[in-house]
2 protein chains.
Amino acid sequence: MQNTKNKVEKVIMGVDPGTQVMGFGIIRVTGKETSLVLMDTLILNKYDSHALRLKKIFERSISLIEKYLPDEIALEAPFYGKNVQSMLKLGRAQGVVMAAALSRDIPVVEYSPKKVKMALTGNGNASKEQVAGMIKTLLKINILPDKLDATDAAAVAMCHYLNGFGDTPQKKYSGWKSFIKDNPGKIR
Amino acid sequence: MQNTKNKVEKVIMGVDPGTQVMGFGIIRVTGKETSLVLMDTLILNKYDSHALRLKKIFERSISLIEKYLPDEIALEAPFYGKNVQSMLKLGRAQGVVMAAALSRDIPVVEYSPKKVKMALTGNGNASKEQVAGMIKTLLKINILPDKLDATDAAAVAMCHYLNGFGDTPQKKYSGWKSFIKDNPGKIR
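Model, not experiment: these values are computed from the prediction.

A.B. asks: Which parts of the structure should I look at to understand the environment of Tyr111 of chain A?
C.D. replies: All names here are of chain A. In this fold, Tyr111 is placed in strand β5 (residues 108-111). Classification of Tyr111 as buried rests on a relative accessible area of 0%. For the pair Tyr111 and Ala77, spaced 34 residues apart in sequence, the C-alpha separation works out to 5.9 Å.

Pasting the structure below:
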């Protein structure tokens, strides 16, 4: 999408999926300017059932997509975890977000936590607080949210911008229609 | 749904999710009669990218749901696997099926492989071939499909019927709307 001054304008939704807390961060990029649209968390650990959590993740993802119409979705996705049980649950949460995005034909791009930290701070082992500090500076905001899951989500959106909108993403998941065209056997 | 003779009629779609091959089996239950509607597999290992596999899973799930209008979906879901990587991928595949089902308000019920084998053969450690043999007998079919993933999927659908349509399911995931009513804190 381009505005009248011929600057590229994009809305990027960053998601930090988790089964306890899910972070969402939406940024608007206009040319080389970035601004924050929304940082929010979906608290899931108050729900007993994993099923209800998946339902809430799906609903919130769809509702944010319909309200803010992101052009692309950037997902923070670790590839290793503590144990198989938690990875199965995390995989389900990611799968639900992906299905929500891809059912609306929005490309999904994945970044590892290390890649996000590197893009934001120049250090792949930076703390969540350092990442949050950079979000505050880059997006020119005064107050950070309580939950670092929200800043993490904004960070993955920023990471996607700083990586040239996924020109060299770690993993790229295109929308249903554009997938094959955009990703000829790139992703494994 | 009830037919004119007041017998309960239900269409159950069984899914055996995998990242290499996905099995689908649809049965129709009319009173105490069961019949096979469809057994099929979605071959995924011909696609390079995991992203494309998820896309294909989503599309096939939605297309089968729209064509056969299942009342309930039964999912074969192992809870442990070889390693965290494969469990993350399997979780994503499951999450995509769940989102497809639940976005159409179809309840999803999970059964472990052991529970499926037990329901079909009376032996929780039965082989896939033994399960396939029982599917042949119970559904009165002459020829089995090449892939046991298809019979496995029909088996999980049959398991759901044999378990009284999930009166005592291992894990039950209801449709978006009916979730809270049907599952007051039962599933964790």
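Further notes follow.
A.B. asks: Just to check I follow, could you spell out unusual backbone geometry for this structure?
C.D. replies: Excluding glycine, residues mostly have negative phi values, and the peptide bonds linking residues are mostly trans. Residues and elements named next belong to chain A. Of note, Leu69 is a non-glycine position whose phi angle comes to about 45°, a positive value. Mapped onto the elements of the fold, Leu69 is located in the loop between α1 (50-68) and β4 (72-76). A relative accessible area of 57% means that Leu69 is categorised as exposed.

A.B. asks: Looking at this model, I keep getting lost on the layout of surface pockets. Mind explaining?
C.D. replies: All names here are of chain B. Taken as a whole, the largest pocket spans an internal volume of roughly 560 Å³. Taken together, 22 residues line the largest pocket, and the ones lying closest to its centre are Asp16, Pro17, Gly18, Pro78 and Leu90. Contributions of two or more residues to the lining of the largest pocket are made by α2 (84-103), α3 (113-121), α4 (128-138) and α5 (148-162). Looking at which element gives the most residues to the lining of the largest pocket, the answer is α2, with four residues.

A.B. asks: Would you mind going over the confidence of the model for chain A with me for this structure?
C.D. replies: Parts of the model with low pLDDT should not have their predicted coordinates read in detail. Residue and element names in this part refer to chain A. Averaged over every residue, the pLDDT of chain A is 86; the share at 70 or more is 85%. Per-residue pLDDT stays below 50 along residues 177-188; that stretch engages in 23 contacts with residues further than four places along the chain or on separate chains. Two summary scores accompany this predicted model of the complex, namely pTM at 0.83 and ipTM at 0.81.

Criteria and thresholds
Residues numbered from 1 in each chain as written. Chains lettered and ligands numbered in written order. Predicted model: local features only at pLDDT ≥ 70, side-chain atom pairs only at ≥ 80, totals over all residues. Heavy atoms only, no water. Helix = DSSP H or I, 4+ residues; strand = E, 2+ residues; numbered from the N terminus. Buried < 20%, exposed > 50% of the residue type's maximum accessible area, 1.4 Å probe, protein only. 1 Å grid on protein atoms, 1.4 Å probe; cavity = no way out; pocket = protein on both sides within 12 Å on 5 of 7 lines; lining within 4 Å. Points joined across faces, edges and corners; volume = space filled by probe spheres on them. pLDDT = per-residue confidence, 0-100. Contact = heavy atoms within 4.5 Å.

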